[in-house]
Amino acid sequence: MLKVENLSVRYGAVAAVRDLSLSVGQGELVALLGPNGAGKSSTINALTGLVAPSAGRIVLDGQDISRVRTEDRIRAGLTSTPEGRHIFANLTVGENLRLGAATRRDPKGVRQDMERFLALFPVLSERYAQAAGTLSGGEQQMLAIARSLMSRPKLLLLDEPSLGLAPKIVVRIFDFIGQLKAEGLTLLVVEQNARQALRFADRVYVMSSGALRFDGPPSGLADEHGLLNLYIGG
Amino acid sequence: MDYALQQVLNALAFGAEYSLVALGLAVVFSIMGLVNFAHGEIIGVSAYSVFLAAALGLTSPIVAVLLAIAAAALAAIAFERVAFRPVRYAPTTTGLLTAFGVSIVVQNLFMLLISPKPQSVSILNGLNQMWFFGPFAVSSLQVMELIVSGLTILALVLFLNRSTLGLAIRAASRDFATVRLMGIRANRVIATAFAISGALAGIAAVFIMARRGSVSPDLGFSLVLKAFVACVIGGFGSLPGAAVGGMLLGFIEVGLLVALPQEYGGFKDALTYAIIVALLVYRPEGLLGQRVELGDKEI
Amino acid sequence: MSQAIEDTAPAAVARPGGALARSLIGGLVTSLPVLVVGLLILNFAPTYYTFLALGAFVNLIVVVGLQVFMGNSNIANLGHSAFVGLGAYGVAILSTPLAMKKLSIPNAPFGFATLELDPVSSALLALLAVGILALVSGKVISRLSGVAATIVSLALLIIVHSVFLNWTGLFKGNQAFFGIPKVVGLPWMMVMSVVVIVLARLFKDSRWGLQLRASAQSPQAAAALGIDARRLRLVSWVLSALICGLAGILYAYFAGTISPKLFYFQMIFNTLAMLILGGMATVTGAMTGVIVLSVGLEFIRSIESGVTIAGIQLPQLLGLSGVALGVVIVLCMAFRPSGISGRYELDELLSRFFRHAK
Ligand SMILES: Nc1ncnc2c1ncn2[C@@H]1O[C@H](COP(=O)(O)OP(=O)(O)O)[C@@H](O)[C@H]1O
Ligand SMILES: [Mg+2]
């Protein structure tokens, strides 16, 4: 579904991503792991087009989207839930969800999806008309993911969904991610929390200092001598 | 009509006009951090369009009003496309100076292509009459300014709260990148904001022409300076702040008109600005503003 | 602009002892072109050009003054001609001969109608007045965010202009204030230009200038280092105002006649365009912009007033110079925000050039 070839991202003199190639197949959940500053977010942002890569190709469903604008990549079915959630704090929960569906033209389907997520996350339903900024971190993460799903993406990129959340909530969020996978959604999940990310992962990439260090099945990661400790610290 | 009541109406009418223009500035600033000094020239384009249409034989005031609003909205979109897009992600000062440059260019184009002297426009004079309610006489223009501004602000609030594009504008004022992640086109959001800002300026242009009966190259310039001051005192970038700041400015001005002896009338503007600046000493972030660090601008 | 900081900072830090000398020599080198142009005009040009040159020198001092605040704080100042005007009116009120005052401001308050000071004391007092206004306005402006500060600088301009216009007893209102002693010629103007250029350069390279530029680039980082950005903005605002006030004083002393409209938006447009075109990060930029635009504007003005080309009389084109100024600003901002001279001062460019040539 997604194929990334020789991607590089630079910020001035800093090379954040160097010559990265990866792929995500239909229905797969792929984990992208690595320590802080490894270049994971830069990779995600290059995939959505929020940062311009300095080199490389991004192919979605056989189409080269490297030069397509962010907005049109979303319309093509690729969506990301950014690191730090980035919910619209000054808008209500309901308005956040509505914006997530901004690209859709089927009001009925939108309403159904909305009801589904509100049933799934009762907190969001309770706080429907409140400013989203008043939600707790975990609730905001739920909202952010639900908002991404409102566009009915084919491929969802999740950037550190566990960031800054209590362990119990992290487990709940990954339960939900597993459920999404079971429903057939294709996912690329960026994490520092390897244990959770590997629960449902079909394949794993590990990167550090902008470059890929490992590529294989989750079991391979455990075999790989010290890799887990070296790059993930746990 | 009772003198005090008359002065309150005056203040409300002035304030309404400042609020309209200030809101136009705030809408654009809040989503893209642009301090649009060329806003006055959007009013100018609107007024000169009506002037030219009248010179070419337009007689219907209603068409003139629609033309004024449409011309202003188009001018705003055109300014963005031509001059502001290249500096969209530049520091605030760069955008501010660009807008200042656009303002100078357009003002001087009016001089060059039409005339440096004021030109008479009478097509909208009918809006400015005396209305009599029993023993009371009020200016129809002032009543209309108040009502139209009120309705416009209501429409704006509804748009920003109900429509998807309105939500996107509110969201973009905090976090533009994430709005794009919703698949909403950045250019469309910005063009809409400029169109709204322009339409508000167009309404103001109608009132100015109806009151003055003429157009001149610097038509909108001093009004926009006041609107900027209204924005600053309300809290720059805050929409409610712009509306409140505009009203406050209207009341300060009329208060000074009433309080100042005739021979000091010339100091009205100076004193208005001085009072506002003095208020800023106590609230540097404005009445409804949040403290932002110098040079802050999220992309 | 941000680059300029990275570039000059190591040089200034590396040799603390030599920094002052380096900066002083840099300022002198930067002012060389001004001296050369001035001397050429002084010795060879007809009177008309001398008069133009005097105007250009006044603009130069204003633009350098503007650079001191804008270039270092990166906040747009759209009110600096208020200080130019106050300087000019200050010396006009203090130094105009009594006989003339009887005609122009016979009823001036505070005994100004019967006061006649020598030009130097007048100038010092006028600068004092400018300094006080700058201090008071600077207290407000330095506390505001960048955008609000710019708007307030505009409000200041309007307040001061309105006082000039309406306080007719003291400023003579809309009419020209004449009879100011004409004591300044090109030589004085050149000396003052050099002084001001060196001063601006010393400020830019000083610890204050460096810290101010750092805080303009990254407010949070600077605050974390304990830099008091407000105080530095205030310092640069006052210095900038004093330089602008000096320009006004010199203008009054060479022209002999002033009026409020000279110190209003037209001056803001002209000098701002000059600074932007030349490049506001450097003093060299200020100078470059003045030279280029003074020549360019003179050319455009000659077209504007209706030229005869090949026997055909073209009509007057009022507004042409304004369009040109605006276009210069817009194009610069879009394509070269750092202006002609970019981030290097003249002496830095020269030393780079010679280093490469070796
Ligand atoms: N906007 C930016 N400007 C400059 N450098 C950046 C920017 N964003 C990230 N970086 C740098 O790029 C590198 C990779 O960052 P990032 O992609 O955020 O890593 P990760 O998400 O794996 O923690 C880091 O060294 C970071 O400092
Ligand atoms: Mg990251």
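In the block above lies the structure referred to throughout.
It should be emphasised that the depicted structure is a prediction, and the values quoted were computed from it without experimental measurement.

Chemist: So what exactly am I meant to see when it comes to the sheet that holds strand β8 (residues 186-191) of chain A here?
Modeler: Adjacent strands of a sheet form backbone hydrogen bonds with each other and so pair up, either parallel or antiparallel. Residue and element names in this part refer to chain A. Strand order across the open sheet formed by six strands is β6-β7-β8-β3-β9-β10, with mixed pairing between neighbours. Each edge of the open sheet is held by one strand with a lone partner, namely β6 (78-81) and β10 (211-216). This sheet shows a mean twist of 15° between the axes of neighbouring strands, independent of strand direction. Bridge count for strand β3 (residues 29-33) against β8 is five bridges, and the pairing is parallel. Pairing of L33 across the sheet is with E191, part of β8. Those strands touched by helix α6 (residues 137-149) are β6 and β7 (155-159), and its axis lies near 170° from that of β6.

Chemist: Whenever I open this one, the pattern of salt bridges confuses me. Can you help?
Modeler: It is possible for side chains bearing opposite charge to pair when their charged atoms get close. The tally for this structure, following the rule as stated, stands at 28 salt bridges over all chains. Linking R57(A) and E5(A) is a salt bridge whose minimum nitrogen-to-oxygen distance equals 3.1 Å. Taken together, the positions of R57(A) in strand β4 (residues 55-60) and E5(A) in strand β1 (residues 2-11) put the pair 52 residues apart, joining distant regions of the chain. A relative accessible area of 25% means that E5(A) is categorised as partly exposed. Residues joined by salt bridges that share partners form a network here, namely R22(C), R201(C), D205(C), D347(C) and E348(C).

Chemist: Got a minute to help me understand the sheet that holds β4(A) in this structure?
Modeler: Residues and elements named next belong to chain A. The strand order β2-β1-β4-β5 describes an open sheet built from four strands, whose pairing is antiparallel. Taken across any chain shown, the strands that pair with only one partner, and hence form the sheet edges, are β2 (14-24) and β5 (63-64). Sheet topology note: the β1/β4 ladder contains five bridges and is antiparallel. Residue E5 lies in a different strand from β4, and its bridge partner there is R57. Along the sheet face, helix α1 (residues 40-48) touches β1, β2 and β4 and points at about 115° away from the line of β1.

Chemist: What exactly am I supposed to notice about the arrangement of the chains here?
Modeler: With two pairs of chains in contact overall, the contact-richest pair is chains B and C. Contact between chain A and chain C is absent, and the minimum C-alpha spacing across the pair is 12 Å.

Chemist: What's the story with the interface of chain B and chain A in this structure? I'm lost.
Modeler: When the parts of a complex come together, some accessible area is lost, and that lost area is often used as the size of the interface. Listed by partner, the interface residues are 22 residues for chain B and 21 residues for chain A. Each partner contributes to the roughly 2,100 Å² buried at the junction of chain B and chain A, and carbon and sulfur atoms together form 55% of this total. Of the charged contacts in the structure, one is a salt bridge between E71(A) and R180(B), with a shortest N-O distance of 3.3 Å. Viewed at the interface, chain A and chain B are joined by nine residue pairs in polar contact (both at pLDDT 80 or more). Elements with a minimum of two residues in the side of chain B that touches chain A: α5 (140-162), α6 (164-172), α7 (176-181) and α8 (186-212) of chain B.

Chemist: When you look at the side chain of Q7(B) in this model, what are you seeing that I'm missing?
Modeler: Residue and element names in this part refer to chain B. Tracing the chain through its elements places Q7 in helix α1 (residues 3-32). Take Q7: its relative accessible area is 18%, and that puts it in the buried class. Setting aside residues up to four positions removed in sequence, Q7 forms contacts with V254 and V258.

Chemist: What is the right way to look at the site of ligand 1 in this model?
Modeler: Residue and element names in this part refer to chain A. Residues in close proximity to ligand 1 include Y11, A16, P35, N36, G37, A38, G39, K40, S41 and S42, which together make up its full environment. The separation between an oxygen atom of ligand 1 and a polar side-chain atom of N36 is 3.3 Å. In this structure, G37 approaches ligand 1 through a main-chain N or O atom, which is 2.7 Å from an oxygen atom. Bound to the protein, ligand 1 loses 59% of the 550 Å² it would expose on its own. Ranked by the residues each element gives to the shell around ligand 1, the list is headed by α1, at three residues.

Chemist: Where do I start with the nonpolar core in this structure?
Modeler: Where a protein is soluble and globular, its nonpolar side chains tend to be buried together. Formed by 204 residues in total, the largest nonpolar core has its most connected members in F37(B), I43(B), V189(B) and I258(C). Here V189(B) is in contact with I31(B), L165(B), A168(B), I169(B), A172(B), F176(B), V179(B) and I184(B), once residues within four sequence places are set aside. By size, the runner-up hydrophobic cluster in this structure holds 41 residues, among which are I173(A), I177(A), L187(A) and A197(A).

Chemist: Hey, could you run me through the interface of chain B and chain C in this one?
Modeler: In this assembly, 42 residues from chain B lie in contact with 45 residues from chain C. Summing both partners gives a buried area of about 3,700 Å² for chain B against chain C, and 81% of it is carried by carbon and sulfur. Applying the counting rule to chain B against chain C returns zero salt bridges. Between the two partners, chain B and chain C, sit four residue pairs in polar contact (both at pLDDT 80 or more).

Reading guide: rules and limits
Residues numbered from 1 in each chain as written. Chains lettered and ligands numbered in written order. Predicted model: local features only at pLDDT ≥ 70, side-chain atom pairs only at ≥ 80, totals over all residues. Heavy atoms only, no water. Pairing = 2+ DSSP bridges. Helix = DSSP H or I, 4+ residues; strand = E, 2+ residues; numbered from the N terminus. Axes fitted to C-alpha atoms, helices over the stretch in contact; angles between N-to-C directions. Contact = heavy atoms within 4.5 Å. Salt bridge = Lys/Arg side-chain N within 4 Å of Asp/Glu carboxyl O. Buried < 20%, exposed > 50% of the residue type's maximum accessible area, 1.4 Å probe, protein only. Buried area = accessible area lost by both parts, 1.4 Å probe. Polar contact = N/O pair within 3.5 Å; in protein donor to acceptor, adjacent residues only side chain to side chain. Near = heavy atom within 4 Å. Areas by Shrake-Rupley, 256 points an atom, 1.4 Å probe, with all protein chains shown as cover. Core = buried A, V, L, I, M, F, W, Y, C linked by side-chain atoms within 4.5 Å.

The values reported here are purely geometric and, on their own, carry no functional implication.
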